[in-house]
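Listed below are the residues making up each chain.
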Amino acid sequence: MAAILYQFGVIEVLFAIIFLFSNLLLLPYPSSSFPLCTDSRAPLALNTRLKFCSYNGSSCCNSTKDSQLQKQFQAMKISNPSCASLLQSVLCARCDPFSAKLFTIDSVPRPVPLLCNSTVSTNSSQSNQEKNDFCSKVWDTCENVSILNSPFAPSLQGQAGAPVKSNFTKLTELWQSKADFCNAFGGASTDGSVCYDGEPVTLNETGTPSAPHGLCLEKIGNGSYLDMVAHPDGSNRAFFSNQQGKIWLATIPKVGSGGTLELDESNPFIDLTDEVHFDTAFGMMGIAFHPNFAQNGRFFASFNCDKGKSPGCAGRCSCNSDVNCDPSKLGTDNGAQPCQYQSVIAEYTANGTASQPSLILFGPTDGYLYFMTGDGGGGGDPYNFAQNKKSVLGKIMRLDVDNIPSAAEINKLGLWGNYSIPKDNPFSQDEELLPEIWAFGLRNPWRCSFDLERPSYFMCGDVGEDLYEEVDIISKGGNYGWRAYEGPYPFNPKSSPGGNTSVNSISPIFPVMGYNHSEVNKKIGSASIMGGYFYRSNTDPCMYGRYLYADLYSGAIWAATEDPENSGNFSTSSIPFGCARDSPIQCSTVPESALAALGYTFSFGQDNSKDIYLLTSSGVYRVVPPSRCNYTCSKEKVTAVASLSPTISPSSHAKLLISPVILLSAFMLLLLGLA
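Residues numbered from 1 in each chain as written. Predicted model: local features only at pLDDT ≥ 70, side-chain atom pairs only at ≥ 80, totals over all residues. Heavy atoms only, no water.

- Within an unreviewed UniProt entry, the label attached to the protein reads HIPL1 protein-like isoform X2, and the organism entered is Durio zibethinus.
- The Sequence similarities (unreviewed entry) comment attached to the protein in UniProt states, word for word, "Belongs to the PQQ oxidoreductase GdhB family."
- In its Cofactor (unreviewed entry) section, the UniProt entry covering the protein states "pyrroloquinoline quinone". (UniProt positions renumbered as here; feature names shortened; annotations may be inferred.)

A word on the packing of helix α2 (residues 81-92) against helix α4 (residues 134-142)
At step 1: For the pair α2 and α4, the least separation of the axes is 9 Å and the interaxial angle reads 140°. It follows from the interaxial angle that α2 and α4 lie oblique. Considering how the two elements wind past one another, α2 and α4 form a crossing that is left-handed. Residue-level inspection shows S82, C83, L86, L87, S89 and V90 of α2 in contact with α4, the latter providing F134, K137, V138, T141 and C142.
At step 2: Classifying every residue of the contact of α2 with α4 gives seven nonpolar, three polar and one charged. (Axes fitted to C-alpha atoms, helices over the stretch in contact; angles between N-to-C directions. Helix = DSSP H or I, 4+ residues; strand = E, 2+ residues; numbered from the N terminus. Parallel < 35°, antiparallel > 145°, perpendicular 65-115°, else oblique. Left-handed = near helix turned anticlockwise from the far one by under 90°. Contact = heavy atoms within 4.5 Å. Nonpolar A, V, L, I, M, F, W, Y, C, P; charged D, E, K, R; others polar.)

Focus on the environment of G555
At step 1: When you line up the elements, G555 lands in the loop between β27 (547-551) and β28 (557-562).
At step 2: Separated by 35 residues in the primary sequence, G555 and V590 have C-alpha atoms spaced 9.7 Å apart.

Considering the state of the cysteines
At step 1: All chains considered together, the criterion is met by 13 disulfides.
At step 2: A sulfur-sulfur distance of 2.1 Å marks the disulfide that ties C116 to C195. Across the S-S bond of C116 and C195 the torsion is about 95°, and the bridge reads as right-handed. Within this pair, whereas C116 is found in strand β7 (residues 115-116), its partner C195 is found in the loop between β8 (186-187) and β9 (215-221), the two being separated by 79 residues in sequence.
At step 3: One disulfide bridge connects C448 with C460, the sulfur atoms lying 2.0 Å from each other. Disulfide C448-C460: torsion about the S-S bond near 115°, hence right-handed. With a gap of twelve residues between them, C448 in strand β20 (residues 445-450) and C460 in strand β21 (residues 458-462) connect regions that are remote in the sequence. You'll find C448 and C460 in the same group, each marked buried. (Disulfide = S-S within 2.5 Å. Buried < 20%, exposed > 50% of the residue type's maximum accessible area, 1.4 Å probe, protein only.)

Considerations on the packing of aromatic side chains
At step 1: Inspection of the entire model under this criterion finds 37 aromatic pairs.
At step 2: Centre to centre, the rings of Y549 and W558 are 5.4 Å apart; their planes meet at 10°, and the pair counts as stacked. Take Y549 and W558: they sit in the same class, and that class is buried.
At step 3: A connected cluster of aromatic rings, assembled from ring pairs, spans F34, Y457, Y515, F534, Y547, Y549, W558 and F570.
At step 4: Residue placement shows R454 over the ring face of Y457; its charged tip is 3.7 Å from the ring centre.
At step 5: Just above the ring of F534 sits the side chain of R454; from NZ or CZ to the centre is 5.0 Å. (Phe/Tyr/Trp six-rings, centres within 6.5 Å; stacked < 30°, edge-to-face > 60°. Lys NZ or Arg CZ within 6 Å of the ring centre and 35° of its normal.)

Quick word on the environment of D39
At step 1: Counting through the fold element by element, D39 comes out in the loop between β2 (17-20) and β3 (44-45).
At step 2: Residue class for D39 comes out partly exposed when judged on its relative accessible area of 27%.
At step 3: Residues D39 and S99, 60 residues apart in the sequence, show an inter-C-alpha distance of 9.3 Å.
At step 4: Non-local contacts of D39, meaning those with residues more than four positions away in its chain, are made with Q429 and K476.
At step 5: Engagement of the side chain of D39 in a polar contact is seen with the backbone nitrogen of R41, the distance being 3.0 Å. (Polar contact = N/O pair within 3.5 Å; in protein donor to acceptor, adjacent residues only side chain to side chain.)

Thoughts on the confidence of the model for the protein
At step 1: Scored by pLDDT, the protein comes out at a mean of 84, with 82% of its residues at no less than 70.
At step 2: In this model, residues 10-17 is a region of pLDDT below 50 whose contacts with residues beyond four sequence positions or in other chains number 59 contacts.
At step 3: The low-confidence segment residues 22-31, where pLDDT is below 50, has 49 contacts with residues more than four positions distant or belonging to other chains. (pLDDT = per-residue confidence, 0-100.)

As for the pattern of salt bridges
Pairing is possible between side chains that carry opposite charge, provided their charged atoms lie close to one another.
At step 1: Applying the stated rule across the entire model yields 19 salt bridges.
At step 2: For D451, the salt bridge is made with R454, and the minimal N-O distance between the two is 2.9 Å. Pair check on accessibility: D451 and R454 agree, each one buried.
At step 3: A salt bridge links D582 to R628; the nearest nitrogen and oxygen atoms lie 2.9 Å apart. On the criterion of sequence distance, the pair formed by D582 in the loop between β30 (577-579) and β31 (601-606) and R628 in the loop between β33 (619-623) and β34 (659-668) is long-range, its members being 46 residues apart.
At step 4: Within this structure, D451, E453, R454, R536 and E562 form a network of salt bridges that share partners. (Salt bridge = Lys/Arg side-chain N within 4 Å of Asp/Glu carboxyl O.)

Focus: the sheet that holds strand β26 (residues 529-534)
At step 1: Taken in spatial order, the four strands line up as β26-β27-β28-β29 in an open sheet, and their pairing is antiparallel. The outermost strands of the open sheet, each flanked by one partner alone, are β26 and β29 (570-574). Taken over all neighbouring pairs, the strand axes of this sheet differ in orientation by 25° on average, direction set aside.
At step 2: As paired elements, β27 and β28 share four bridges and run antiparallel to each other. Bridge pairing in β28 places A550 opposite I557. (Pairing = 2+ DSSP bridges.)

Okay, structure coming up:
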């Protein structure tokens, strides 16, 4: 029996729960320059300009924070008007949409932003930095001016960390020279950081590069899988899972070798079909492996179970008094009772080294488990679960599965399973939120990933209702709008037994990319986005740095390019895709077209070599050099390679002793007739 980590109920067959256990999760401090505040939250959309700090449009300050900064400034009692103006701008840099990078250097928080100095990097991401040695300007203007409670006091380390209390008030009393001052507080903008020059941060306009000519694929497997996870040992192996509940360990051939996926369908790594309730929208939705899997053998599966058939399928219903929902008032659907179907996150052990059961999903750098839930279905989220801060539905949650409280403590805290709460989860700043919640306002997130090079880029595809499919950059405490909005459009629900959320009462974070249903299919509702990955392999150099995503039904693939870099602004284009002429397995093509006939696109995958895969109803495809499809790419170095015959070696992975531990289970609430 597996160990249950988490369990809750949802509303209809339109429900998905997936999770991430990555070696690259969110950094405690951002590792890139896209707009983010010092508390790791996304900037707010302002309706009016701030009174003290001259920011409008987008800012990391609301009126309360603006007032606090004004009081801090007034307490400095600066008599020199020129110096006062500079210090006001320095304090107000807290409100800059890029304040997370301005106030954090090498993961160390600073009392003032990094001040632009005369040392200009050739990789500067800012357009006007070289024209403004702002650090010298601050010194020259303020060196002999008294500043009470100066933010420029040296830290205990003698650098720009948290200042120590000092009776000195002038810069010349605190620092021996301008050089020492700017060595502590100054710096240059690079392609990985920004500096403050007295004005709101603006990035270089690099110009949107032309879209790639095409995406070249090779078919390496005929099986149909729903998820793919690279083996944590860094090898050329990966785990594949299907919706019915089986997981296989496969060996992946080298690109260009002519080899196919080495996977023995008759010999799964683990078979959970007896535990998994499989139907059109139910089944095993995701798998994740602990970063230390090679040592502790811990891995996790997210699936649905049927309370009526499985004795171990039990847990709390997501329709409960905490969210003003009464399951006794819900009807049945085709004989299924409310809360009959549950969503479970279960942990298993592949060897005997793990000391105790553990919990959920993990981030790239923080080691925490992230998992995503849909709104429960019912058509238009009638109970408004996604906006309800006490509901587990329509959310991204973040849990610590390495530090498990006692059973008594779990019950006392009202947790849903065997995990603890990271102390920096958003509830620490918003007491209305369930402690587990990292972000909310999502409809049906499907496939999320962290950028390998910039882990703070946490990307999630979110399936729309009838109008819009979206991709979001997920940030701490972010509200992504559903059901007040569907993508960028206000949404008017047909049924609202759970109440409404006014569009004027929230500050939603809108998608960074997406598409209308009418763009991919004229039939209303027949679109479903598949979130993907930033392409970081060198296999296709013209695709490098672009975010790839697709649609389940339309057979379309998009490539999104960020411009300026690190800005969070993207332009997208639909790109053609073909099958390599020397593909190890022959591909079918769309009639009267050169496009590969993929069937339904279920998901993307990424291996330890950073190559990208498409998991489809017709097989497993890998992105390969564009020249193999006669697509031109000026960055590709094409060399003559002898054609290799496909080779298949027998699978050699050993049978493992699986000790399951259920970490989490959740009731699935079935509400039909609400659409």
